[in-house]
Amino acid sequence: MRSREFAQTTGQRVVSADAAAFMQRVYGWMTAGLAVTGISAFYIASSEAAINFIFGSSISIFLVIGVQLALVFSIRPVMKSKGSAVGAAMFLAYAATLGVTVSSLLLRYTGDSVAQAFFVTAGAFGGLTVFAFVTKRDLSGVGNFCMVGLFGIIIATIVNIFMASSAVHFAISVLGVLIFAGLTAYDTQKMKDYALTQDTDNEVGRRASIMAALELYLDFILMFIYLAQILGSSRD
């Protein structure tokens, strides 16, 4: 660790310059991922050819899902052998594929209601981030509980594909918002603790910043998707 230190607004704790640089990398990559997703979503939603190609065939949808899963689960192992630069490229590629999911919201709901969901998500994410930085409470229990809940809503979502219940869909959306709100606080605290206790000014730290950015990016995107399903006004 470098010896340079400065005061950070996390109580009286003094944070090293390396830790602050790590956090800046995390939020920088996360912001880049959100920007790529937004650009991808708006392009798809405004292109009739892209809409027909992606949503016109179930094969295309399954192909996109397959690419998303392959990318998100291979980022960590690929980075170990290829380095953080390759991991960053894979993260941005994954963010681009999630533009397909977000574009479906733009096609289904009005622009105003999607924008409202986005700003509510941004406000909640900001508040949860501040809470995670200033609280002295260990949020590991919250994270574990939310992970169990995540598996629960995945199972419920699969079951509801066959049930097609609007009430169950609404309940899943509400639970999804709460679960990813909890994971946002937990992942933020985990990232902060890593930055404060590890040497992050190296390749390992750069790889860790990509993974932390991916976790926070997913927390934001999935909380936004579930909120859009609650607040969205149908175009029909």
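If you tally the helices and strands in the protein, you get 8 helices and 2 strands. Along the protein, from the amino end to the carboxyl end, the secondary structure elements read β-β-α-α-α-α-α-α-α-α. Since a compact globule built from 236 residues should have a radius of gyration of about 18 Å, the 19 Å found for the protein is in line with a globular shape. Principal axes of the C-alpha set define a box for the protein whose edges measure 60 × 35 × 30 Å. The 236 residues of the protein split such that 42% are buried. Within the protein, residue pairs in contact and separated by at least 24 positions form 81% of the contacts whose partners lie at least 6 positions apart.

Phi at Ala164 takes a positive value of approximately 55°, unusual for a residue other than glycine. Within the secondary structure, Ala164 sits in the loop between helix H6 (140-163) and helix H7 (166-197).

Let us now look at the confidence of the model for the protein. Averaged over all residues, the pLDDT of the protein is 90; the fraction at 70 or higher stands at 94%. Low pLDDT (under 50) marks residues 1-14, which in the prediction has 25 contacts with non-local residues, meaning those over four places away or in another chain.

Formed by 57 residues in total, the largest nonpolar core has its most connected members in Tyr94, Met191, Leu214, Tyr217 and Met223. Those elements that place two or more of their residues in this core are helix H1 (17-46), helix H3 (58-82), helix H4 (84-108), helix H5 (111-134), H6, H7 and helix H8 (203-231). No other element matches H8, which puts 17 residues into this core. With residues near it in sequence (within four places) discarded, Leu214 still touches Val72, Ile75, Phe91 and Tyr94. Formed by 5 residues, the second largest nonpolar core is a distinct cluster that contains Ile44, Ala50, Val64 and Val100.

A few words now on the packing of H1 against H8. Contact geometry of H1 with H8 gives a least axis separation of 8 Å together with a crossing angle of 45°. In terms of orientation, H1 lies oblique with respect to H8. In the crossing of H1 with H8, the sense of the turn from one axis to the other is right-handed. Across the interface between the two elements, Phe22, Arg25, Val26, Tyr27, Trp29, Met30, Gly33, Leu34 and Thr37 from H1 touch Gly205, Arg206, Ala208, Ser209, Ile210, Ala212, Ala213, Leu216, Tyr217, Phe220 and Ile221 from H8. Considering only residue class, the contact of H1 with H8 consists of 14 nonpolar, 4 polar and 2 charged.

Applying the stated criterion to the full structure yields 8 aromatic pairs. With centroids separated by 5.4 Å and ring planes inclined at 65°, the aromatic side chains of Phe125 and Phe220 adopt a geometry described as edge-to-face. One end of the pair, Phe125, is in helix H5; the other, Phe220, is in helix H8, with 95 residues separating them in the sequence. Pair check on accessibility: Phe125 and Phe220 agree, each one buried. Feature note: the residues Phe118, Phe119, Phe125, Phe220 and Phe224 constitute an aromatic cluster, connected by ring pairs.

Right, let's talk about the layout of surface pockets for a bit. The computed volume of the largest pocket comes to approximately 1,000 Å³. Surrounding the largest pocket, 28 residues form its lining, Ile154, Thr157, Leu222, Ile225 and Tyr226 being those nearest its centre. When residues of the lining of the largest pocket are traced back to their parent elements, those giving at least two are H4, H6, H7 and H8. If one sorts the elements of the lining of the largest pocket by residue count, H6 sits on top with 9 residues. When the residues that make up the lining of the largest pocket are grouped by side-chain class, the tally is 18 nonpolar, 7 polar and 3 charged. Estimated volume of the second largest pocket: approximately 770 Å³. Lining the second largest pocket are 21 residues, and of these Leu69, Val72, Phe73, Tyr94 and Leu218 sit closest to its centre.

Scoring rules and cut-offs
- Residues numbered from 1 in each chain as written.
- Predicted model: local features only at pLDDT ≥ 70, side-chain atom pairs only at ≥ 80, totals over all residues.
- Heavy atoms only, no water.
- Helix = DSSP H or I, 4+ residues; strand = E, 2+ residues; numbered from the N terminus.
- Rg over C-alpha atoms; globule rule 2.2 N^0.38 Å.
- Buried < 20%, exposed > 50% of the residue type's maximum accessible area, 1.4 Å probe, protein only.
- Contact = heavy atoms within 4.5 Å.
- pLDDT = per-residue confidence, 0-100.
- Core = buried A, V, L, I, M, F, W, Y, C linked by side-chain atoms within 4.5 Å.
- Axes fitted to C-alpha atoms, helices over the stretch in contact; angles between N-to-C directions.
- Parallel < 35°, antiparallel > 145°, perpendicular 65-115°, else oblique.
- Left-handed = near helix turned anticlockwise from the far one by under 90°.
- Nonpolar A, V, L, I, M, F, W, Y, C, P; charged D, E, K, R; others polar.
- Phe/Tyr/Trp six-rings, centres within 6.5 Å; stacked < 30°, edge-to-face > 60°.
- 1 Å grid on protein atoms, 1.4 Å probe; cavity = no way out; pocket = protein on both sides within 12 Å on 5 of 7 lines; lining within 4 Å.
- Points joined across faces, edges and corners; volume = space filled by probe spheres on them.

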